Amino acid sequence: MIYISKLGSLFAVLAVSSLGLTSVANGQEGPKIGDLPQALICDKAGITVVGYLAKVDAEGTAFYMTPNDIFVTVSSSGRVDNRSDGSCSDKTLAELRANGQTREFAK
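The present account deals with the structure reproduced in this document. This is a predicted model, so every value here is computed, not measured. (Residues numbered from 1 in each chain as written. Predicted model: local features only at pLDDT ≥ 70, side-chain atom pairs only at ≥ 80, totals over all residues. Heavy atoms only, no water.)

Attention now goes to the sheet that holds strand β5 (residues 62-66). Pairing is antiparallel in the open sheet, where six strands are placed in the order β7-β6-β5-β4-β3-β8. At either margin of the open sheet sits one strand with a lone partner, and together these are β7 (80-81) and β8 (102-103). (Pairing = 2+ DSSP bridges. Helix = DSSP H or I, 4+ residues; strand = E, 2+ residues; numbered from the N terminus.)

Encoded structure:
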């Protein structure tokens, strides 16, 4: 069972609400916020961590954060860089979706 605290839920709402609808890099459109999951769920060393979509930079990299740190980045090509060798490392968003490791919130 995954427990998302009230603080985590508030952080997710604020992070998603503060984002623009698209990221534009060098005249090219990056991933649309609506195409990205709002949360990623990864395990490492028996601990389940939920990272919330916080921003998409000019190069199209999506940043997923916990309330205290950058957790996961996703390149514009959809490849995950977990930086912690957890269950999300070196997977694509498609693989995470298929494994049930993404979450979408009601709009």
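At Ala45, a position not held by glycine, the phi torsion is positive, near 50°. Along the chain, Ala45 falls in the loop between β3 (39-44) and β4 (47-56). You can call Ala45 exposed: its relative accessible area is 76%. For Asp90, which is not a glycine, the phi torsion comes out positive at approximately 55°. A residue is classified by how much of its surface remains accessible, and Asp90, at 60% relative accessible area, is exposed. (Buried < 20%, exposed > 50% of the residue type's maximum accessible area, 1.4 Å probe, protein only.)

What follows deals with the pattern of salt bridges. With the rule as written, the count across this model stands at one salt bridge. Among the ionic pairs, Glu104 bridges to Arg97, the shortest N-O distance being 3.9 Å. Of the residues examined, Arg97 reaches a relative accessible area of 37% and is grouped as partly exposed. (Salt bridge = Lys/Arg side-chain N within 4 Å of Asp/Glu carboxyl O.)

Within the largest apolar cluster, 15 residues are counted, with the highest numbers of intra-cluster contacts made by Leu36, Leu40, Ala62, Tyr64, Val72 and Val74. Of all the elements in the fold, those that place two or more residues in this core are β3, β4, β5, β6 (69-74) and α2 (93-98). In terms of residues, this core owes the most to one element, β6, which gives three residues. (Core = buried A, V, L, I, M, F, W, Y, C linked by side-chain atoms within 4.5 Å.)

Take it as geometry only, folks, not as evidence of what the structure does.
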